[in-house]
Amino acid sequence: MQNFQYVAKDWNGETSEGRLSAANRSEALEKLRAQDLFVISIKEQSAAERMGLSLSGFKLGKGKPKSRDFMVFCRQFTTMLQSGINVLQVLKTLAEQSENEALREKLGEITLDVERGSDLAGAMKRHGDFFPEIITSMVEVGEAGGLLDTVMDRLADHFERQHDLEAKIRSATTYPLVISVFAVGVLFMMMFFVLPRFATMFEPMGIEMPVLTKILLGFADLITRFWYIAIALLILLIFLGRRYFKSEEGRLVLDRFSLRAPVFGPIYTKMLTARFTRTLATLLSSGVTLVSALELTEAVVGNRVLSEVLAKTGQAIRRGQNISQP
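Residues numbered from 1 in each chain as written. Predicted model: local features only at pLDDT ≥ 70, side-chain atom pairs only at ≥ 80, totals over all residues. Heavy atoms only, no water.

Within the protein chain, the regular secondary structure consists of 14 helices and three strands. Computed over C-alpha atoms, the radius of gyration of the protein chain comes to 27 Å, more than 25% over the 20 Å expected from 2.2 N^0.38 for 326 residues, which places it beyond the range of a compact globule. Partitioning the contacts of the protein chain with sequence separation of at least 6, the portion at a separation of at least 24 is 56%. If you sum the accessible surface of the protein chain, you get close to 19,800 Å²; carbon and sulfur atoms cover 60% of it. Computed over 39 positive and 36 negative side-chain charges, the separation of the two mean positions in the protein chain equals 6 Å. (Helix = DSSP H or I, 4+ residues; strand = E, 2+ residues; numbered from the N terminus. Rg over C-alpha atoms; globule rule 2.2 N^0.38 Å. Contact = heavy atoms within 4.5 Å. Areas by Shrake-Rupley, 256 points an atom, 1.4 Å probe, with all protein chains shown as cover. Lys, Arg positive; Asp, Glu negative; His and termini not counted. Charge placed at Lys NZ, Arg CZ, Asp CG, Glu CD.)

What follows is the structure, encoded as structure tokens:
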């Protein structure tokens, strides 16, 4: 017999967690279904977990899904719909098989909503902080037009291209980032180890040090003497910076700087352009009107500067202009 740890919901929507013994995973699922429980996640306990040595705060795959997770979800959803399986059964299957634990749990909650009579778009909108707005909006269009399989297929292509783009961006920025970190490390080594030795060597000779070297030496000496104040100021600066950049004004400043940053700015701008055009194309091809598509793209593009431009473009189109002028 094997030990399994599960998370399940009953017909009242109450969540329960527990452990049970079964010969295999299928038998464990049958036992839970016999208790009128809907399984959200189930996994075999490792030896460390059985001995109570598991690190409960560090669950692998518990984070919010990435582009790849949504790509796989939409692709599997499409395949099963085209095979003649109804939406409810598709949700039940994906809620058990999804690789991402957070997505499994959320699909379990959506399945319960659909079983109670909600449509898929309405159930997803109740979890709007989890699912990207492009998914909920396009699912709504797909359900209204009877084209849910087509819409999900386009969403799968959308997230696949987004995943490929993100991989290319990571690849393109890795080298400059490594060089930048290395340069900062070399600068600190020069300040705290190399320059002080040269200063000690040149001082008896009466050689005048360059002004920049004196400034660096003075700064290094200041940090060395009052390191505890430097650490406190650094922590305070990080705290205030995080707080400021979470505000609307701070996020706008950060987004504007991201577009103009050396090396990374052009890459980031191209990424935003690709995201904007791809999202707009996906929405338009699914039957969403231009103004509505711009509003949705504005919400998912991820940059305040570009969002403001798209908002002004939408307003201009409502006044009768075409899309190219604004």
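On we go.
This part takes up the side chain of R278. Residue placement: R278 occurs in helix 12 (residues 264–285). At 6.6 Å, E166 is the nearest oppositely charged side chain to R278, a buried residue that forms no salt bridge. The contacts of R278, once residues within four sequence positions are left out, are H158, R161, Q162 and L165. (Buried < 20%, exposed > 50% of the residue type's maximum accessible area, 1.4 Å probe, protein only. Salt bridge = Lys/Arg side-chain N within 4 Å of Asp/Glu carboxyl O.)

Ranked by internal contacts, the top residues of the largest apolar core, which has 49 residues, are F73, F77, F131, I135 and L155. Looking at this core, the element that brings in the most residues is helix 8 (residues 148–202), giving eight residues. Among all residues touching F73, those that are not within four sequence positions of it are L94, L103, L107, M124 and M152. Listed in part, the eleven residues of the second largest apolar core include Y6, L20, L29 and I42. (Core = buried A, V, L, I, M, F, W, Y, C linked by side-chain atoms within 4.5 Å.)

Moving on: the pattern of salt bridges. Considering all chains together, one arrives at eleven salt bridges under this definition. Among the salt bridges present, the one from R75 reaches D153, with a minimum N-O distance of 3.1 Å. Note that R75 is positioned in helix 3 (residues 67–82) and D153 in helix 8, a separation of 78 residues in sequence. The exposure class assigned to R75 is partly exposed, which follows from its relative accessible area of 28%. For K106, the salt bridge is made with E109, and the minimal N-O distance between the two is 3.9 Å. Of this pair, K106 and E109 both sit in helix 5 (residues 101–115), three residues apart, which is roughly one turn of the helix. The class for K106 is buried, based on a relative accessible area of 18%. Each member of the salt-bridge network shares a partner with another, and the members are R75, D153, D157 and E160.

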